[in-house]
Amino acid sequence: MATQPNLLIFITDQQRSDTMACYGNDWIQAPHLNALAKESFVFENTYCAQPVCTPARATLLTGLYPHTAGMIKNNVQLDPAIQSIAEMVSDDYHCAYYGKWHLGNETTCQHGFDEWLPIFELPWVIDHPDTPYHQFLLQNDIEPDRTTAAGHRVFSAQFRSNLPEELTHVSYLADEAARFLKSRQHEPFMLQVHCPEPHGPYTGPLNDVHNPDELPVGPTFLEFPEGASLFNRKRAEYYLHADGHKMGKYGPGTSEQQWRRFRAQYY
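Everything numeric here is computed off the predicted structure, so don't read it as measured data.

### Notes on the overall build of the protein chain
Right, on to step 1. In terms of regular secondary structure, the protein chain is built from nine helices and six strands.
Right, on to step 2. For 267 residues, the compact-globule estimate of 2.2 N^0.38 gives 18 Å, and the C-alpha radius of gyration of the protein chain, at 20 Å, lies within 12% of that figure.
Right, on to step 3. Relative to all contacts within the protein chain whose residues are 6 or more apart in sequence, the contacts with residues 24 or more apart total 57%.
Right, on to step 4. For the protein chain, the exposed surface amounts to about 15,500 Å²; the carbon and sulfur share of it is 52%.
Right, on to step 5. For the protein chain, the distance from the average site of its 19 positive side-chain charges to the average site of its 32 negative ones is 7 Å.

### Details of the nonpolar core
Right, on to step 1. With 19 residues, the main nonpolar core has Tyr98, Tyr133, Leu137, Tyr172, Leu173 and Leu191 as its most contacted residues.
Right, on to step 2. Elements supplying a minimum of two residues to this core: strand S2 (94–99), helix H5 (132–139), helix H7 (169–183) and strand S6 (189–194).
Right, on to step 3. No other element matches the four residues that H7 contributes to this core.
Right, on to step 4. In this structure, Ala58, Leu61, Val89 and Leu103 belong to the second largest nonpolar core, which totals 17 residues.

### Side note on the sheet that holds strand S1 (residues 7–11)
Right, on to step 1. Read from one edge to the other, the open sheet built from four strands follows the order S1-S6-S2-S3, with strand pairing classed as parallel. The open sheet terminates on both sides in strands that have one partner only, identified here as S1 and strand S3 (115–117). Averaged over all pairs of adjacent strands, the angle between their axes in this sheet comes to 5 degrees, without regard to strand direction.
Right, on to step 2. Here S1 pairs with S6 via five bridges, running parallel. Each bridged residue has a counterpart across the sheet, and for isoleucine 9 the counterpart in S6 is glutamine 192.
Right, on to step 3. Lying over the sheet, helix H2 (residues 53–62) contacts S1, S2 and S6, oriented at roughly 170 degrees with respect to S6.

### Points about the packing of aromatic side chains
Right, on to step 1. Scanning the model with the defined rule gives 17 aromatic pairs in all.
Right, on to step 2. Through a chain of ring-to-ring contacts, the aromatic side chains of Tyr202, Trp259, Phe262, Tyr266 and Tyr267 assemble into a single cluster.

### Here we look at the environment of glycine 200
Right, on to step 1. Examined against the element boundaries, glycine 200 turns out to sit in the loop between S6 and helix H8 (230–239).
Right, on to step 2. A relative accessible area of 15% places glycine 200 in the buried class.
Right, on to step 3. Taking the C-alpha atoms as reference points, glycine 200 and aspartate 13, 187 residues apart in sequence, are found 9.3 Å from one another.

### Thoughts on unusual backbone geometry
Right, on to step 1. In this structure, proline 198 follows glutamate 197 across a cis peptide bond, with omega equal to 5 degrees.
Right, on to step 2. When you line up the elements, proline 198 lands in the loop between S6 and H8.
Right, on to step 3. Here the residue pair glycine 200 and proline 201 is connected by a cis peptide bond, since its omega of 20 degrees sits within 30 degrees of zero.
Right, on to step 4. Positionally, proline 201 belongs in the loop between S6 and H8.
Right, on to step 5. In this structure, glutamine 14 is a non-glycine residue whose phi angle is positive, near 65 degrees.
Right, on to step 6. Positionally, glutamine 14 belongs in the loop between S1 and helix H1 (31–38).
Right, on to step 7. One non-glycine residue, tyrosine 202, lies in the positive phi region at around 55 degrees.
Right, on to step 8. Within the element layout of this structure, tyrosine 202 appears in the loop between S6 and H8.
Right, on to step 9. Assessed through its relative accessible area of 14%, tyrosine 202 is described here as buried.

Reading the values: rules and limits
- Residues numbered from 1 in each chain as written.
- Predicted model: local features only at pLDDT ≥ 70, side-chain atom pairs only at ≥ 80, totals over all residues.
- Heavy atoms only, no water.
- Helix = DSSP H or I, 4+ residues; strand = E, 2+ residues; numbered from the N terminus.
- Rg over C-alpha atoms; globule rule 2.2 N^0.38 Å.
- Contact = heavy atoms within 4.5 Å.
- Areas by Shrake-Rupley, 256 points an atom, 1.4 Å probe, with all protein chains shown as cover.
- Lys, Arg positive; Asp, Glu negative; His and termini not counted.
- Charge placed at Lys NZ, Arg CZ, Asp CG, Glu CD.
- Core = buried A, V, L, I, M, F, W, Y, C linked by side-chain atoms within 4.5 Å.
- Buried < 20%, exposed > 50% of the residue type's maximum accessible area, 1.4 Å probe, protein only.
- Pairing = 2+ DSSP bridges.
- Axes fitted to C-alpha atoms, helices over the stretch in contact; angles between N-to-C directions.
- Phe/Tyr/Trp six-rings, centres within 6.5 Å; stacked < 30°, edge-to-face > 60°.

As structure tokens, then:
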């Protein structure tokens, strides 16, 4: 048993590679990730199977291309007959999954995992909003801000994002992961921690860490991506109107200064 390595997989959501020092970024404050990279093997030439949540996550979990797994868009359920990595490791492993799933039945322990810690109540879990994270917030005297059509009291994404740092998704998941690691000393384990941040709504308790006026923007800042793929051009048309500065659904405003603030909040 001593020869079996433990597996710890920690995944952030929509984090650009150029947000870390090991990929050339020397202005964003990410001390712990940068320290980890200094002690690690850093990949310089990597590929994403598809830059969309559900298909990409399906590939990471199964090793299959999105079209092979039938996961070609968001909000599709992963076929129970398709094996995940938790079903591929030996039976000696205790397999735990914490955080964002986004592969169907968000709150249901499945695909070979022995332990399950869901955190989302909306938009994927409208019928079963009572997650452990929901209870965690209630225990900390935080009251839900929204009522669903079914009458459930829930926490909206915007409300959750602006909670104190110690109550955010990532802090909750980190604390639970630390608890798991301390309790698993005598059997091999695989722990997957899927953090929702820095995915939208791109706001939170650390909004003021970076000065938007001091962050470098580069020569393509607010430029329309001429010659890019149709997909990227259409997205740019949605987010950038004729004046070049109109923000879409996640952004705080329309001016260049507000775009800079938006970038600083993402970082």
